[in-house]
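The chain contents come next:
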Amino acid sequence: MMDNKPEECSVCFNDYDDNQLRPRTLPCGHTFCSQCIDNAIKNGQLSCSTCRAQHAATAATQFPISYAVEALVRKLKNIQLTTEEVVPAKPYEGPARGISKKLRSLVQEQKSIISSLITSCKEVLSQLGEYRGQLGDWKTHHLQLQDRLYALVEQNESAMKLLELEDTSVVDMTTQGEEGKTQLQAMLGSLDTVNTPQEVDTTIDTADGCSMKVEDWLQKCQELFPNVKTVHTSVKVQETIREALEMTTTETGATANPIHLGDSASSIMNKVQEITEEIIQKQLTVEDLRRMREPVKRLVEAGRVLAVQEDQDGRRSARITLQDGQLYLHPLLHQPTPAHAHTLQESEVVGVLDPSCTLAFLDLGWAGSTRGRVTIRLTPDTPLARQFVLLCTGQRGHTYRNTKLLRVWDKGQPGERVVGGDYESNDGHGGAPLLSDLQGQYRESGRAGVVRSWREATMTAQFGITTRDRQDSCQWLYVFGDVVSGLDVVRAAVNHSDITEVTVVDCGVVLPL
């Protein structure tokens, strides 16, 4: 349903402004005022008032300001003011005395030119306002970065003070050790020259005293050095600052490509976007995702980073999303590529998956909404696990996306389990295997949360998820994964009145970057 009043927040119904009611856009794409976003944040989580999507959040300021909405609000205000200022034209009462028809034509032409210039002025003033808002945000970001840099400098100074104290302590102990060594060497010479019993006794007593002091010194050295806090702090601070410098280092002498400021076809903010996007290559790399610099993070959060694959079936793309600091790869689909999208090859992205720790996910939904995400850790190096990844990513054209859960077995009883995964007919009669040989070394388990092949004899792409422990001594065969989070979502689906109304709304894998 279209919003008939885009200038107002759909939660508090107040018009957006330049203060507490600035419009901010959530990762799900919906926009609300800063005040309503702050009020909706509970325990580090924000639920979108429109689509109920969950977002990690501590303050409204972490979400980007919608400059487009601000520009629209200013434009609507300008239109309203212009409408209010318009004075109804007097009816034409015939030609004015002394002014010819040609002169009247010149007057009308001049009025038209002036009106056009006024419209252009208002448009550019609106663009300047939007640009100033962007500059203000950037200044805020620089101040925040400056505070963090100062904090790093303070940490570095604290680490250096610890090192100075440790160095002073080492110097003192070194001096004591040199003195003890000198005394012991002198005792060796004295013992070589003793001639009477009395000299022997005296020299040995003195040597014993020196020896005890040196032994105490040796014990102190073992106890005092190294100082664990000093070494840990120094190394940790060094690594932190080194990583920060590597992240922020730019090419010396790098210059921006010239932008023709006189090009009236582009707005000011379009030129700003052109300049900022020059920093990022159109063809991103996996390393860019690993480093996750702020410009790349903003692109991912805006849904403009895709993994693409081209084959005989044409070009398909998969979304890459960021949630709670974790990157998710969604299935390949035939879908329009967003404007200004940045792409990576699907093979490169999937290539970073570590077979020993592959995590897949299924988003389950019913009654018109997504109810939660189920994350599954797959057993490494098993054909069924590899097949599950293929169907979560859509690499071979088929995917679990939009498939139904089919049936619940032993509902409410020990060993309760649900079956799904019929990507072909979606009724339980399909789900042919994607791999020619699914035999392998599989675990056995009777615990809740195990994911296994549903048809052990024929081996298909259908899977079963157990929601209750078995109470007998038997074990489920062909286990290839375990639910690590979201088992409560599966149990809620099992308790839904009709299991076939539960759908895998989305699926994919977690990128271990």
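Only a predicted model underlies this, so the values are computations on that prediction, with no experimental measurement involved.

(A) Region of interest: the packing of aromatic side chains. One pass over the structure, following the stated rule, counts seven aromatic pairs. Considering the side-chain rings of phenylalanine 388 and tyrosine 400, the 5.3 Å spacing of their centres and the 50° angle between planes classify their relative orientation as tilted. With phenylalanine 388 in helix α10 (residues 383-393) and tyrosine 400 in the loop between α10 and β11 (405-409), this pair connects stretches of sequence that are twelve residues apart. We note that phenylalanine 388, like tyrosine 400, is buried.

(B) Representation of the environment of leucine 405. By secondary structure assignment, the location of leucine 405 is in strand β11. Along the sequence, leucine 405 and phenylalanine 463 sit 58 residues apart, while their C-alpha atoms lie 9.7 Å from each other. Once you skip the residues sitting within four places of it in the chain, leucine 405 turns out to touch Leu364, Val418, Val419, Gly420, Ala493, Ile499, Thr500 and Val502.

(C) Up close: the side chain of aspartate 137. Mapped onto the elements of the fold, aspartate 137 is located in helix α3 (residues 101-193). Buried and unpaired, aspartate 137 has no salt bridge, with arginine 22 as the nearest side chain of opposite charge at 4.2 Å.

(D) Quick peek at the nonpolar core. Ranked by size, the top nonpolar core spans 60 residues in total, and within it Leu289, Ile320, Leu329, Leu364, Phe388 and Tyr400 carry the most contacts. With seven residues, the top contributor of residues to this core is α10. The next biggest cluster of nonpolar side chains, apart from the first, holds 16 residues, and it includes Leu21, Leu26, Cys48 and Phe63.

(E) Representation of a nonpolar patch on the surface within the structure. Where nonpolar side chains cluster on the molecular surface, the patch consists of Ile99, Leu103 and Leu106 and spans about 250 Å² of accessible area. With respect to the helices and strands, the residue isoleucine 99 is situated in the loop between α2 (67-85) and α3.

(F) Looking closely at the side chain of threonine 460. Tracing the backbone through its elements, the reader meets threonine 460 in the loop between β14 (450-453) and β15 (463-466). From its side chain, threonine 460 meets the backbone nitrogen of glutamine 462 in a polar contact 2.9 Å long. With near-sequence residues (within four places) excluded, threonine 460 lies in contact with Leu384, Gln387, Gly431, Pro433, Leu438, Ser453 and Arg455.

(G) Quick peek at the packing of α3 against helix α4 (residues 197-224). Running from N to C, α3 and α4 point in directions that differ by 155°, and their axes come no closer than 9 Å. Judged by the angle between their axes, α3 and α4 are roughly antiparallel. For α3 against α4, the interelement crossing comes out left-handed. Note on element contacts: α4 touches α3 through Glu199, Thr203, Ile204, Thr206, Ala207, Cys210, Ser211, Val214, Trp217, Lys220, Cys221 and Leu224, opposite Glu166, Met173, Gln176, Gly177, Gly180, Gln183, Leu184, Met187, Ser190, Leu191 and Thr193. Split by residue class, the contact of α3 with α4 holds eleven nonpolar, nine polar and three charged.

(H) View of α10. Summarising burial for α10: ten of the eleven residues are buried, a large majority. Immediately downstream of α10, the backbone of glycine 394 shows phi near 70°, a positive value.

(I) Region of the structure containing unusual backbone geometry. Note the cis peptide between phenylalanine 225 and proline 226, where omega equals -5°. Along the chain, proline 226 falls in the loop between α4 and α5 (228-248). Non-glycine residue asparagine 426 carries a positive phi angle of around 60°. Tracing the backbone shows asparagine 426 in the loop between β12 (417-420) and β13 (443-445). By relative accessible area, which is 23% here, asparagine 426 ends up partly exposed.

(J) Region of interest: helix α11 (residues 487-494). Within α11 the residues assigned to the buried category are Leu487, Val489, Val490, Ala493 and Val494. Viewed along the axis of α11, the buried residues span an arc of 155°, placing them on a single side of the element. Looking at the buried residues of α11, the elements they touch are β9 (359-366), β10 (369-378), β11, β12, β15 and β16 (476-485).

Thresholds applied
- Residues numbered from 1 in each chain as written.
- Predicted model: local features only at pLDDT ≥ 70, side-chain atom pairs only at ≥ 80, totals over all residues.
- Heavy atoms only, no water.
- Phe/Tyr/Trp six-rings, centres within 6.5 Å; stacked < 30°, edge-to-face > 60°.
- Helix = DSSP H or I, 4+ residues; strand = E, 2+ residues; numbered from the N terminus.
- Buried < 20%, exposed > 50% of the residue type's maximum accessible area, 1.4 Å probe, protein only.
- Contact = heavy atoms within 4.5 Å.
- Lys, Arg positive; Asp, Glu negative; His and termini not counted.
- Salt bridge = Lys/Arg side-chain N within 4 Å of Asp/Glu carboxyl O.
- Core = buried A, V, L, I, M, F, W, Y, C linked by side-chain atoms within 4.5 Å.
- Patch = residues over 30% accessible without salt bridge, like charges linked within 9 Å, V, L, I, M, F, W, Y side chains within 5 Å.
- Areas by Shrake-Rupley, 256 points an atom, 1.4 Å probe, with all protein chains shown as cover.
- Polar contact = N/O pair within 3.5 Å; in protein donor to acceptor, adjacent residues only side chain to side chain.
- Axes fitted to C-alpha atoms, helices over the stretch in contact; angles between N-to-C directions.
- Parallel < 35°, antiparallel > 145°, perpendicular 65-115°, else oblique.
- Left-handed = near helix turned anticlockwise from the far one by under 90°.
- Nonpolar A, V, L, I, M, F, W, Y, C, P; charged D, E, K, R; others polar.
- Arc of directions from axis to C-beta.

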